[in-house]
Amino acid sequence: MSSTAGQVIKCKAAVAWEAGKPLVIEEIEVAPPQANEVRVRILFTSLCHTDVYFWEAKGQTPMFPRIYGHEAGGIVESVGEGVTDLKEGDHVLPIFTGECGECRHCKSEESNMCDLLRINTDRGVMLNDGKTRFSKDGQPIYHFLGTSTFSEYTVIHFGCLAKINPAAPLDKVCIISCGLSTGLGATLNVAKPKKGQSVAVFGLGAVGLAAAEGARISGASRIIGVDMNASRFEQAKKFGCTEFVNPKDYDKPVQEVIAEMTDGGVDRAVECTGSIQAMISAFECVHDGWGVAVLVGVPNKDDEFRTHPFKFLCERTLTGTFFGNYKPRTDIPGVVEKYMNKELDVEKFITHSVPFSEINKAFELMLEGKSLRCIIRLDA
């Protein structure tokens, strides 16, 4: 048993005290895990656009102080009552959504949207007792997405931890726990292009590039990257993109441009921007008869998807996906094995690395559009 099991641990954490203000490295207290909880030592974490969005408090009720972070890799320090499939020393990836194993969604082969542990951006406390496990000088500090990986130690529900191969380098595979799997799974698990088919990917950020990587792994013959930022095109070639379209270069809808390029439309399209117009374009650019469009990006709450019903009647399929349709505990270990077997290259997603003390640099790089994923090292 860990020498710290059952005790409060003092450690460093990057605390957000105010919306949009630099995080502050503080010494905090992390309480022991309660029933169905696990305390994890975080060794490497990464910054995702979701962290930035909620740190800026856009369109939400601010909840501060808070510890952000949800892409990470770590080692189990101790487990609470009722946790049987994880033990001290296990290597794990925290996941922002979970798999309780008991609800209808978890028991279904078709869904990964757990009733108990589905993503909840408003809940800043643990499910067990409605309290936080973080504090500083007696002041509670809120959790984020049930993970809060911008801390040397964190407490997470066991259903939000994927146990992985201990030989996998945590400083690489930590990025599998969010955006990479979301884009990769959107293509491999939902769009499912056949070898030799064509795929259009809307949005060439980290998630879109992961979708392109999925198309490459599937053997797509044409992977068309669509983005309004032409500076992304050269980088996208590393992820399999063979052609590029900038909607700003044309005086007609981009779906018409793609249809002309592909003799009627692409076989599959994956939308990774959250723009409602990109969603419509992705659907309308797939070929009639068999085309499938997959929506990944999150739109604004007031957006409306408008298209003519006849496009559905002509046998185009529109669907969406959450976390690439991966079940966190069941499927994510397999994604790690794809990396270990050299089927999946995660290194090319990692553009920067900083020590924990410079975590705010990671925010700057992302806000300036200079990084895909910046690894934040807590292992020193």
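Small disclaimer: the values here were computed from a predicted structure and weren't measured.

## A closer look at empty space enclosed by the protein
- In the structure shown here, the tally under the stated rule is 1 cavity of 30 Å³ or more.
- Lining the largest cavity are 17 residues, and of these Leu117, Arg123, Leu145, Gly146 and Cys160 lie nearest its centre.
- Its residues placed into classes, the lining of the largest cavity shows 9 nonpolar, 5 polar and 3 charged.

## Some words on the sheet that holds strand β15 (residues 317-320)
- Taken in spatial order, the 6 strands make up an open sheet running β12-β11-β10-β13-β14-β15, and their pairing is parallel. At either end of the open sheet lies a strand with only one pairing partner, and these are β12 (243-245) and β15. Mean inter-strand twist for the sheet, computed between neighbouring axes without regard to direction, equals 20°.
- Relative to the sheet, helix α5 (residues 206-218) contacts β10 (198-202), β11 (222-226) and β13 (268-271), its axis offset from that of β10 by approximately 170°.
- Sitting on the sheet, helix α8 (residues 276-284) is in contact with β10, β13, β14 (292-295) and β15, with an inclination near 170° to β13.

## Quick notes on the UniProt feature "domain: Alcohol dehydrogenase-like C-terminal" (unreviewed entry) in the chain
- In this structure's numbering, the residues bearing the UniProt feature "domain: Alcohol dehydrogenase-like C-terminal" (unreviewed entry) are residues 206-337.
- The span residues 206-337 is 36% helical and 15% strand by assignment, and the distance between its end C-alpha atoms comes to 20 Å.

## Things to note about the domain arrangement of the chain
- Structurally, the chain comprises domain 1 (9-177 + 346-377) and domain 2 (183-321).
- Computed over C-alpha atoms, the centres of domain 1 and domain 2 are 30 Å apart.
- Here domain 1 meets domain 2 over a buried area of about 570 Å², counting both sides, of which 71% is carbon and sulfur.
- Three residues, Lys348, Phe349 and Leu372, lead the burial of domain 1 against domain 2; their summed loss comes to 87% of the area buried on that side.
- Put simply, domain 1 and domain 2 have 1 salt bridge between them.
- With its nearest N and O atoms 2.8 Å apart, the salt bridge here joins glutamate 213 to lysine 348.

## Quick notes on the nonpolar core
- Counting residues in each nonpolar core, the largest one holds 102 residues, and the members touching the most others are Ile28, Leu93, Phe150, Val173, Ile176, Leu180 and Ile332.
- Looking at this core element by element, the count peaks at 6 residues for α5.
- Both domain 1 (9-177 + 346-377) and domain 2 (183-321) contribute no fewer than three residues apiece to this core.
- The contact partners of isoleucine 28, leaving out residues within four places of it in the chain, are Ile9, Lys10, Cys11, Ala13, Val15, Ile67, Phe134, Ser135, Lys136, Ile141 and Ser151.
- Counting residues in each nonpolar core, the second largest holds 16 residues, with Ile224, Val254, Val257 and Ala293 among its members.

## Quick look at the sheet that holds strand β6 (residues 134-136)
- The 4 strands lie next to each other as β1-β2-β6-β7, forming an open sheet whose pairing is antiparallel. Looking at which strands have only one partner, the edges of the open sheet turn out to be β1 (9-15) and β7 (139-141). If you compare each strand with its neighbour and ignore which way they point, the axes differ by 45° on average.

## Observations concerning helix α11 (residues 359-367)
- When we look at burial in α11, the residues that qualify are Ile359, Ala362, Phe363, Leu365 and Met366. End-on view of α11: buried residues confined to an arc of 165°, all on one side of the axis.
- Buried residues along α11 sit in contact with β1, β2 (24-30), α1 (49-55), β16 (350-355) and β17 (373-377).
- Immediately beyond the C-terminal end of α11, within one or two residues, lies glycine 369, with a positive phi of roughly 75°.

## Quick word on the packing of aromatic side chains
- Scanning the model with the defined rule gives 13 aromatic pairs in all.
- Measuring from centroid to centroid gives 5.2 Å for phenylalanine 96 and phenylalanine 323, while their planes differ by 80°, and the two rings are edge-to-face. Of this pair, phenylalanine 96 sits in the loop between β5 (91-94) and α2 (104-107) while phenylalanine 323 is found in the loop between β15 and α10 (328-340), placing the two residues 227 residues apart along the sequence. Across this residue pair, the class does not change: phenylalanine 96 and phenylalanine 323 are buried.
- The rings of Tyr53, Phe54, Phe64, Tyr68 and Phe144 are connected pair by pair, giving a single aromatic cluster.
- One Lys or Arg, lysine 348, reaches over the ring of phenylalanine 239 and ends 5.0 Å from the middle of that ring.

## Description of unusual backbone geometry
- The amide bond that connects phenylalanine 64 to the next residue, proline 65, takes the cis arrangement and shows omega of -5°.
- Structurally, proline 65 is set in the loop between α1 and β4 (71-79).

## A short note on the pairing of β2
- Relative to β2, β1 runs antiparallel, the two being bridged by 7 bridges. For valine 15, the partnering residue across the bridge sits in β2 and is valine 24.
- Relative to β6, β2 runs antiparallel, the two sharing 2 bridges. Each bridged residue has a counterpart across the sheet, and for valine 30 the counterpart in β6 is phenylalanine 134.

## Structural notes on the pairing of β17
- Within β17, 4 of the 5 residues are buried, leaving the element largely enclosed by the surrounding structure.
- Looking at chain direction, strand β3 (residues 37-46) and β17 are connected through 3 bridges and run antiparallel. Residue pairing in the sheet places phenylalanine 44 in a bridge with arginine 377 of β17.
- Where β16 meets β17, 5 bridges bridge the pair, whose relative direction is parallel. Bridging across to β17, valine 354 finds its partner in isoleucine 376.
- Handedness of the crossover joining β16 and β17 through α11: right-handed.

Procedures and definitions
- Residues numbered from 1 in each chain as written.
- Predicted model: local features only at pLDDT ≥ 70, side-chain atom pairs only at ≥ 80, totals over all residues.
- Heavy atoms only, no water.
- 1 Å grid on protein atoms, 1.4 Å probe; cavity = no way out; pocket = protein on both sides within 12 Å on 5 of 7 lines; lining within 4 Å.
- Points joined across faces, edges and corners; volume = space filled by probe spheres on them.
- Nonpolar A, V, L, I, M, F, W, Y, C, P; charged D, E, K, R; others polar.
- Pairing = 2+ DSSP bridges.
- Helix = DSSP H or I, 4+ residues; strand = E, 2+ residues; numbered from the N terminus.
- Axes fitted to C-alpha atoms, helices over the stretch in contact; angles between N-to-C directions.
- Contact = heavy atoms within 4.5 Å.
- UniProt positions renumbered as here; feature names shortened; annotations may be inferred.
- Domains from an automatic or database assignment.
- Buried area = accessible area lost by both parts, 1.4 Å probe.
- Salt bridge = Lys/Arg side-chain N within 4 Å of Asp/Glu carboxyl O.
- Core = buried A, V, L, I, M, F, W, Y, C linked by side-chain atoms within 4.5 Å.
- Buried < 20%, exposed > 50% of the residue type's maximum accessible area, 1.4 Å probe, protein only.
- Arc of directions from axis to C-beta.
- Phe/Tyr/Trp six-rings, centres within 6.5 Å; stacked < 30°, edge-to-face > 60°.
- Lys NZ or Arg CZ within 6 Å of the ring centre and 35° of its normal.
- Right-handed = clockwise from strand over helix to strand, strands pointing away.

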